[in-house]
Amino acid sequence: MTNEPETLIVPESIERVGENGLAIQWSDGQRLSYSAVGLRDGCPCATCREKQRAKEKDREESKGKLRSLPVLSAGELKPISILRMRPLGNYAYNIAFSDGHDSGIFTFDLLRQLGK
Ligand SMILES: [Zn+2]
């Protein structure tokens, strides 16, 4: 009768939790919590994946060597918050963060993985 896969699990409600967090109630009954930082780090767009890769490569290359101390930039110290969550079709959310990044497409699959 329906074309949708039987396993399609969708968000039923999203609520804000504290300053920088949110919780999603999923259609299978699970309620998962998210932090803005966790979502920001999990951003699947090409730019962020590239940054993530560069960071890992850096870590690999500095193993066993005297490495430069970690730096925390002013931008990284600012608490990240979620400005907007916009549904895309019925499979994903586009999330805009307070650091100006708004091109990440978070599929429901990814959101299920990032939640706790
Ligand atoms: Zn991104």
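Residues numbered from 1 in each chain as written. Predicted model: local features only at pLDDT ≥ 70, side-chain atom pairs only at ≥ 80, totals over all residues. Heavy atoms only, no water.

1. Some points on the coordination of the zinc ion
Only C43 (SG), C45 (SG), C48 (SG) and H101 (NE2) from the protein coordinate the zinc ion, and they sit 2.1 to 2.3 Å from it. Relative to the metal, the four donor atoms surrounding the zinc ion lie at angles of 105 to 117°, and the coordination shape comes out tetrahedral. Of note, the donors binding the zinc ion are all from one chain and are spaced C-x1-C-x2-C-x52-H. Among the residues examined, C48 registers a relative accessible area of 8% and is labelled buried. (Donors = N, O, S within 2.8 Å, 3.2 Å for Na, K, Ca; no water. Tetrahedral: all angles 85-135°; square planar, octahedral: opposite > 155°, others 65-115°. Buried < 20%, exposed > 50% of the residue type's maximum accessible area, 1.4 Å probe, protein only.)

2. Re the packing of aromatic side chains
Tallied over the entire structure, the rule returns three aromatic pairs. The interplanar angle of 45° and the centroid separation of 5.9 Å between the aromatic rings of Y93 and F108 together place this pair among those described as tilted. Of this pair, Y93 sits in strand β5 (residues 92-97) while F108 is found in helix α4 (residues 108-114), placing the two residues 15 residues apart along the sequence. On the accessibility criterion, Y93 (12% relative accessible area) is buried. Here a set of aromatic residues connected by ring pairs shows up, and it is made of W26, Y93 and F108. (Phe/Tyr/Trp six-rings, centres within 6.5 Å; stacked < 30°, edge-to-face > 60°. Helix = DSSP H or I, 4+ residues; strand = E, 2+ residues; numbered from the N terminus.)

3. Observations concerning the sheet that holds strand β2 (residues 21-26)
Here we have three strands laid out as an open sheet, ordered β1-β2-β3, and antiparallel in their pairing. Taken across any chain shown, the strands that pair with only one partner, and hence form the sheet edges, are β1 (11-17) and β3 (31-35). Across the sheet, the axes of successive neighbouring strands diverge by a mean angle of 20°, strand direction being ignored. Here five bridges tie β2 to β3, and the two strands are oriented antiparallel to one another. Paired with Q25 across the two strands is R31, which belongs to β3. (Pairing = 2+ DSSP bridges. Axes fitted to C-alpha atoms, helices over the stretch in contact; angles between N-to-C directions.)

4. A closer look at the pattern of salt bridges
If you walk through the whole model with that rule in mind, you get five salt bridges. The residue R40 makes a salt bridge to D99 at a minimum N-O spacing of 2.7 Å. Of the two residues, R40 is situated in helix α1 (residues 36-41) and D99 in the loop between β5 and β6 (104-107); the sequence distance between them amounts to 59 residues. We classify D99 as partly exposed; its relative accessible area is 42%. (Salt bridge = Lys/Arg side-chain N within 4 Å of Asp/Glu carboxyl O.)

5. Considerations on the side chain of H101
Mapped onto the secondary structure, H101 falls in the loop between β5 and β6. Residues within four places of H101 in sequence aside, it is in contact with R40, C43, C45, C48, I95 and A96. (Contact = heavy atoms within 4.5 Å.)

6. Brief notes about the sheet that holds β6
Strand order across the open sheet formed by three strands is β4-β5-β6, with antiparallel pairing between neighbours. At either margin of the open sheet sits one strand with a lone partner, and together these are β4 (82-88) and β6. Sheet twist, expressed as the average angle between the axes of neighbouring strands with direction ignored, equals 30°. By the bridge criterion, six bridges tie β4 to β5 in an arrangement that is antiparallel. Across the sheet, L88 pairs through a bridge with A92, a residue of β5.

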